[in-house]
Amino acid sequence: MQPFSSTEAVIKLQSVRAGYGNTCVLSVDELSISSQERVFILGRSGSGKTTLSRLIKGRIPVMEGELSVLGESNVISNRDIQRRIAMVDQDFNLIPRLTLVENVLTGALGRTSPFRTFLGWYPASEWEKAESILAEVGLDGLGNRRIDTLSGGQQQRAAIARALMQDADIIIADEPVSNLDPELAEDALALLVACTARREVTLLVNLHQPRLARKFATRVLGLADGCIVYDGDPENLSTRDEEFIYRESELNPVSKDALSHDTSPAKMA
Amino acid sequence: MTPLQQRWLNRKGLHALIAAVLLAVVVWAFMRSEFNLVNLRESGPNILEFLTRLVPPDWSVTELVIKATIETLTIALCGTFIAVIVSLPLGFLAASNITPAWISFPVKTILGFIRSIPIIVIAVLFVAAVGLGPFPGVLAVALHSIGMLAKFYAEEFETADKDIVQAVKGTGASWLQTLQYGLFTQSKPQIVAFTIYRLEMNFRDATVLGIVGAGGIGTYILMYTQSFQYDRVAVLLVVIGVVVFLLDQISFWVRKWVG
């Protein structure tokens, strides 16, 4: 795979519709995200933020339209692409019974031989890398602690460390700080932004706090009712824009149904 | 009566009906099994006499009995080991969250069939096939355990947190790596605990295998009971009791350790 230049789009969506079952919850006419952008996605719960990130990560298929991530349209079953898109989930989804360092090392599964990983015998270089990442995220000295003995803030850092271990080109964080108190939340975001900036990674963050988006983003997307309603610089994000993004849903349940019927298989065909 | 109250009453009525049917079945079962309290009271002296003939135990056979018990233990250990090796992949195949239904359903059905065959019948078949001794015992314990272990493993895999599995897959892990790190690691404590419990059960099961010639302590159980040497049966009971107690303790500590 060729490395992407900073001007090239690493994520492209063209007339994309996505959702669950027959229900469409996301409809994006056009979206292009370039390498090394830090895109913060704002929106109410249910606005389609998580669906957008799950779509880009390849956890759900495209219903309609074209999606290209790192130049590939098949994200779901392409292991190399999977490795190059790291995800920091809201609930962290770390493996509870393994130690911190073992969890971070799972970030190297995609490039380590199955014989080695069967025995948990990662190469020395991966151990060194894992240890340096643990130091980078401020968890040095805790490597041998079981993950379920760590605090929420520490688990958050562990999830970031695992994502960094993947050597990914894109890191997606789905409401990464919603389980943390406000101070910890800002620290965790600062850490995530600093670590990704050092690596020239494209960062996508789903968030509820416009204040934090203004502070850390290079670009802000506002989602409402499954559509992009704001796309621009964080500096230009006005309070009115915020109110628009976070307004009460204007669509009543009936017209929401209409949206979902619109993408029923019969219509799509 | 309000509709809510009516529904509550309907539900209670249904519960009462189910309880009545179950009770009727139990009463029928007691009648069918010729349960007779008068007979039990009249047999009291016989039972008492049997108990008195157990003491004093004839300790001269202790060494023989211990050797046979070790053979039974080895049967249980080897049989359980083989069962674990076979059951893990079968468990994956039978787990409906990782395997398509057209594979998991037939595998589950076959496992159910294996479970339904009594171990003593399996042992008779293997004795006929491979001859007398502990070897057919090992095979019988292994086959019998597979039916239960694989089903249990599958159920454990099915309850695993699928988001964690997805997170592991998302690192670019292969299918096998995802199974090992995402799924197996989550289920490991329950799997270890149940396997140890199964080993315990297998030892108890294996004690009777000698009755059909499949090795171990069962040979002596048959011999001493049929020749009315109850003082020697007493030694058997003591030794088996001690081993079961020890296995129970080991099982407890292992479960605590992995828990």
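Just so it is clear, the model here is predicted, and its values are computed rather than measured. (Residues numbered from 1 in each chain as written. Chains lettered and ligands numbered in written order. Predicted model: local features only at pLDDT ≥ 70, side-chain atom pairs only at ≥ 80, totals over all residues.)

With that out of the way, let us pick up the overall build of chain B. Counting its secondary structure elements, chain B contains 11 helices and zero strands. Each helix and strand of chain B, placed in order from N terminus to C terminus, yields the pattern α-α-α-α-α-α-α-α-α-α-α. For 259 residues, the compact-globule estimate of 2.2 N^0.38 gives 18 Å, and chain B exceeds it by more than 25% at 24 Å. Each principal axis of the C-alpha atoms in chain B carries an extent, and together these give about 65 × 60 × 35 Å. Evaluated residue by residue, chain B yields a buried proportion of 36% over its 259 residues. (Helix = DSSP H or I, 4+ residues; strand = E, 2+ residues; numbered from the N terminus. Rg over C-alpha atoms; globule rule 2.2 N^0.38 Å. Buried ≥ 20, exposed ≤ 12 C-beta atoms within 10 Å, placed from the backbone.)

Residue and element names in this part refer to chain A. The strand order across the open sheet built from three strands is β2-β1-β4, with neighbouring strands paired in antiparallel fashion. Every interior strand has two partners, whereas the edge strands, β2 (23–34) and β4 (64–69), have only one. Averaged over all pairs of adjacent strands, the angle between strand axes in this sheet comes to 20°, irrespective of strand direction. In the sheet, strand β1 (residues 9–20) pairs with β2 via 10 bridges, with the strands oriented antiparallel. Bridge assignment links Lys-12 to a residue of β2, and that residue is Ser-32. (Pairing = 2+ DSSP bridges. Axes fitted to C-alpha atoms, helices over the stretch in contact; angles between N-to-C directions.)

Residues and elements named next belong to chain A. Among the six residues in strand β7 (residues 202–207), six count as buried, and that is most of the element. Of the two faces of β7, the one holding Thr-202, Leu-204 and Asn-206 and the one holding Leu-203, Val-205 and Leu-207 are both buried throughout. The sheet contact formed by strand β3 (residues 38–43) and β7 spans five bridges and is parallel. Bridged to Val-39 within β7 is Leu-204. As for the winding sense of the linkage, the β-α-β connection from strand β6 (residues 170–174) through helix α7 (residues 182–198) to β7 is right-handed. (Right-handed = clockwise from strand over helix to strand, strands pointing away.)

Here we come to the nonpolar core. Judged by nonpolar contacts, the single largest core of 126 residues is most densely connected at Phe40(A), Ile41(A), Val104(A), Ala161(A), Ile171(A) and Ala140(B). Examining the composition of this core, we find that 13 residues originate from one element, helix α7 (residues 134–159) of chain B, more than from any other. Apart from residues no more than four positions distant in its own chain, Phe40(A) is found in contact with Val205(A), Leu207(A), Ala213(A), Phe216(A), Ala217(A) and Val220(A). Formed by 11 residues, the second largest nonpolar core is a distinct cluster that contains Ala68(B), Tyr220(B), Tyr224(B) and Leu236(B). (Core = buried A, V, L, I, M, F, W, Y, C linked by C-beta atoms within 7 Å. Contact = placed C-beta atoms within 7 Å.)

We now examine the domain arrangement of chain B. Taken domain by domain, chain B comprises domain 1 (3–40) and domain 2 (58–258). Centre-to-centre, using C-alpha coordinates, domain 1 of chain B lies 35 Å away from domain 2 of chain B. (Domains from an automatic or database assignment.)

For the rest of this paragraph, the subject is the environment of Leu100(A). Residue and element names in this part refer to chain A. With respect to the helices, strands and loops of the structure, Leu-100 is situated in helix α3 (residues 100–105). With 26 C-beta atoms counted inside 10 Å, the residue Leu-100 sits in the buried group. Residues Leu-100 and Phe-216, spaced 116 residues apart in sequence, show a C-alpha to C-alpha distance of 27 Å. The contact partners of Leu-100, leaving out residues within four places of it in the chain, are Leu-139, Leu-142, Gly-143, Arg-145, Ile-147, Leu-150 and Ala-158.

For the rest of this paragraph, the subject is the interface of chain A and chain B. The partner chain B presents 17 residues to the 21 residues of chain A that form the contact. When contributions to the side of chain A that touches chain B are tallied by element, the ones reaching two or more residues are α2 (79–84) and α4 (114–119) of chain A. In terms of residue count, the dominant contributor to the side of chain A that touches chain B is α2(A) (four residues). The residue makeup of the side of chain A that touches chain B, split by class, is six nonpolar, seven polar and eight charged. (Nonpolar A, V, L, I, M, F, W, Y, C, P; charged D, E, K, R; others polar.)

Turning our eyes to something else, we now look at the sheet that holds β7(A). Residue and element names in this part refer to chain A. One open sheet accounts for six strands, arranged β5-β6-β7-β3-β8-β9; its pairing is mixed. Strand pairing shows two members of the sheet lacking a second neighbour, β5 (85–88) and β9 (227–232), which therefore form its edges. The average undirected angle you get between the axes of adjacent strands in this sheet is 20°. Relative to strand β8 (residues 219–224), β3 runs parallel, the two being bridged by five bridges. Opposite Leu-42, over in β8, you have Gly-222 as the bridge partner. Strands in contact with helix α1 (residues 49–57) are β3, β5, β6, β7 and β8; relative to β6, the strand with the most contacts, it is inclined by about 150°.

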